[in-house]
Amino acid sequence: MAHVRKAVIPAAGLGTRFLPATKVVPKEMLPIVDRPAIQYVIEEAVAAGIEDFLIITAPSKKALEDHFDRSFELEALLESRSKDAALDEVRRISELAKFHFTRQGAPLGLGHAIGMARNYVGDESFAVLLPDDILVDQGALLSQMISQHAETGSVIVAAGHYPLEEVVSYGVIDPGEIKGDVINVNSIVEKPPIAEAASNYGLAPGRYVFPSSIFDAIDATKPGVGGEIQITDAIASMISGVGVQATLNRNDRYDAGQKLDWLRATVEIALDHDELGPGFRDVLAQIIAKHDVTPAQSTP
Ligand code: UTP
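Okay, so let's go over this structure.

What counts as what
- Residues numbered from 1 in each chain as written.
- Predicted model: local features only at pLDDT ≥ 70, side-chain atom pairs only at ≥ 80, totals over all residues.
- Heavy atoms only, no water.
- Helix = DSSP H or I, 4+ residues; strand = E, 2+ residues; numbered from the N terminus.
- Buried < 20%, exposed > 50% of the residue type's maximum accessible area, 1.4 Å probe, protein only.
- Contact = heavy atoms within 4.5 Å.
- Areas by Shrake-Rupley, 256 points an atom, 1.4 Å probe, with all protein chains shown as cover.
- Lys, Arg positive; Asp, Glu negative; His and termini not counted.
- Charge placed at Lys NZ, Arg CZ, Asp CG, Glu CD.
- Core = buried A, V, L, I, M, F, W, Y, C linked by side-chain atoms within 4.5 Å.
- Near = heavy atom within 4 Å.
- Polar contact = N/O pair within 3.5 Å; in protein donor to acceptor, adjacent residues only side chain to side chain.
- Nonpolar A, V, L, I, M, F, W, Y, C, P; charged D, E, K, R; others polar.
- Pairing = 2+ DSSP bridges.
- Patch = residues over 30% accessible without salt bridge, like charges linked within 9 Å, V, L, I, M, F, W, Y side chains within 5 Å.
- Salt bridge = Lys/Arg side-chain N within 4 Å of Asp/Glu carboxyl O.

1. Observations regarding the overall build of the protein chain
Right, so step 1: When helices and strands are tallied, the protein chain shows 12 helices and 14 strands.
Right, so step 2: Oriented by its inertia axes, the alpha-carbon framework of the protein chain measures out at about 60 × 55 × 35 Å.
Right, so step 3: Taken over 300 residues, the protein chain has a buried fraction of 46%.
Right, so step 4: A separation threshold of at least 6 residues defines the contact pool for the protein chain, and within that pool the share at least 24 residues apart is 75%.
Right, so step 5: Within the structure as shown, the protein chain displays about 14900 Å² of accessible surface, and the carbon and sulfur contribution to it stands at 54%.
Right, so step 6: Between the averaged position of the 26 positive side-chain charges in the protein chain and that of its 42 negative side-chain charges there is a distance of 4 Å.

2. Notes on helix 1 (residues 37-47)
Right, so step 1: Across the 11 residues that make up helix 1, a large majority, eight, are buried.
Right, so step 2: Ala37, Ile38, Gln39, Tyr40, Val41, Ile42, Glu44 and Ala45 are the residues of helix 1 that are buried.
Right, so step 3: Looking one or two residues beyond helix 1, the residue adopting positive phi is Gly49, at roughly 100°.

3. Describing the nonpolar core
Right, so step 1: Counting residues in hydrophobic clusters, the biggest one holds 37 residues, and the most contacted among them are Ile42, Ile50, Phe53, Ile55, Ile134 and Leu142.
Right, so step 2: Listed by contribution, the elements that provide at least two residues to this core are strand 1 (6-10), helix 1, strand 4 (52-57), strand 6 (126-129), strand 7 (133-135), helix 7 (140-152), strand 8 (155-161) and helix 11 (259-271).
Right, so step 3: Non-local contacts of Ile50, meaning those with residues more than four positions away in its chain, are made with Val4, Arg5, Lys6, Ala7, Ala45, Ala127, Leu142 and Ile146.
Right, so step 4: Judged by nonpolar contacts, the second largest core, of 36 residues, contains Val157, Phe210, Phe215 and Leu248.

4. A word on the site of the ligand
Right, so step 1: Taken together, 18 residues sit near the ligand, with Gly13, Thr16, Arg17, Gln104 and Gly109 positioned nearest.
Right, so step 2: One of the backbone nitrogen or oxygen atoms of Leu14 is found 3.1 Å away from an oxygen atom of the ligand.
Right, so step 3: Within the backbone of Arg17, an N or O atom sits 2.8 Å from an oxygen atom of the ligand.
Right, so step 4: Here the ligand, which alone exposes 570 Å², has 82% of that area covered by the protein.
Right, so step 5: Taken together, the residues of the shell around the ligand break down into nine nonpolar, five polar and four charged.

5. Section: the pairing of strand 1
Right, so step 1: Burial within strand 1 is extensive, with five of its five residues counted as buried.
Right, so step 2: Burial along strand 1 is two-sided: Lys6, Val8 and Pro10 and Ala7 and Ile9, pointing in opposite directions, are all buried.
Right, so step 3: Inspection of the sheet shows strand 1 paired to strand 4 by five bridges, in the parallel sense. Across the sheet, Ala7 pairs through a bridge with Phe53, a residue of strand 4.
Right, so step 4: Relative to strand 6, strand 1 runs parallel, the two sharing two bridges. Looking at the pairing, Val8 lines up with Val128 of strand 6.

6. Description of a negative patch on the surface
Right, so step 1: Taken together, the side chains of Glu268, Asp272, Asp274 and Glu275 present a region of like negative charge at the surface.
Right, so step 2: Structurally, Glu275 can be placed in the loop between helix 11 and helix 12 (277-291).

7. Some details on the pattern of salt bridges
Close approach of charged atoms allows side chains with opposite charge to pair.
Right, so step 1: Within the structure shown, the criterion is met by 22 salt bridges.
Right, so step 2: With its nearest N and O atoms 3.9 Å apart, the salt bridge here joins Asp34 to Arg35.
Right, so step 3: The partner of Arg92 in a salt bridge is Glu43, with the nearest N and O atoms 3.1 Å apart. Of the two residues, Arg92 is situated in helix 4 (residues 84-95) and Glu43 in helix 1; the sequence distance between them amounts to 49 residues.
Right, so step 4: With relative accessibility at 31%, the residue Arg92 sits in the partly exposed group.
Right, so step 5: Salt bridges sharing partners connect three or more residues here, namely Asp34, Arg35, Glu43, Glu89 and Arg92.

8. A short note on the environment of Pro59
Right, so step 1: With respect to the helices and strands, the residue Pro59 is situated in the loop between strand 4 and helix 2 (62-67).
Right, so step 2: Owing to a relative accessible area of 52%, Pro59 belongs among the exposed residues under this scheme.
Right, so step 3: The spatial distance from the C-alpha of Pro59 to the C-alpha of Ala12 is 8.6 Å, given a sequence separation of 47 residues.

9. As for the environment of Glu124
Right, so step 1: Along the polypeptide, Glu124 turns up in the loop between helix 6 (118-121) and strand 6.
Right, so step 2: In the structure, Glu124 is positioned 121 residues away from His3 in sequence and 8.8 Å away in space, judged by C-alpha atoms.
Right, so step 3: Ignoring any residue separated from it by four or fewer positions in sequence, one finds Glu124 in contact with Arg5, Lys6 and Ser212.
Right, so step 4: Side chain to side chain, Glu124 and Arg5 meet in a polar contact 3.1 Å long.

10. Digging into unusual backbone geometry
Right, so step 1: The omega angle of the peptide bond from Leu19 to Pro20 is 5°, so this bond is cis rather than trans.
Right, so step 2: Position of Pro20 relative to the elements: it lies in the loop between strand 1 and strand 2 (31-32).
Right, so step 3: Cis geometry is found at the peptide bond from Ala204 to Pro205, where omega equals 5°.
Right, so step 4: Within the element layout of this structure, Pro205 appears in the loop between strand 11 (201-202) and strand 12 (207-210).
Right, so step 5: One non-glycine residue, Lys191, adopts positive backbone phi at about 40°.
Right, so step 6: Take Lys191: it is sitting in the loop between strand 10 (182-190) and strand 11.
Right, so step 7: Taking relative accessible area as the criterion, Lys191 reaches 41% and is therefore assigned partly exposed.

Quick look at the structure:
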């Protein structure tokens, strides 16, 4: 089976959970320490062997295109001031992979956004990564999913084990046989009522490996939860065909489209940062001492 070299990044959503920061700035461009959130996701995919990206954007998100393009003016300025490290970093971004962009037009759902990639993908298998889901695993999960797809030809989704109150905000899996990190999927339901959740396994982080037949499934999918074309419904329709398997993610993940989790990502990634980590550790210790930090539920 062919090697997966293309990825689609749906980034046309409105980012309403992060307003007002996202009124003008796309949520994918909010920085986590020193890089915009989407750059972590691109670097993760590159580490898993992806060479070519289609980013699905919206009219207000031109910053995404500019970020992954060359910036001759900035590069010339950095060169003239001998800022070599900054120059290397800026050049490296546009050299990470090949980037293509298309606009979704209207935010009609994740399934609709992925459907925009049909011509770009052709008849290859491809990956989809949601740019607000941050993993710091150097591409380990996506590599595992790509290998699983190469072995089986099935749709491969990433899954995690979540508390019941949380799992119902994702697609919820009814699992069949579970072998190590591989879960056979019997059915999936998008955002079910809590009483109807089949398990604690949910479709997050947002990582998928699809055969190109997903596009026919998307075309046949009617609007679902929230009146949107849900990718979960298209995936569910493929269970009886090529089959669907989930790879269990055992690493930490951050939902950078959500304020509290963005803060957690910022603090943890800063602590692990080669250059900033040691200094930030001291700053954090001082903040904790100053604010007498104890969990909110323990205060009377
Ligand atoms: P989310 O629902 O998490 O993103 O969609 P959102 O709509 O931007 O954010 P909120 O809920 O209003 O805060 C998951 C991913 O799917 C993309 C989003 O950009 C995000 O990366 N998406 C969603 C699209 O590209 N198009 C859509 O029509 C819907």
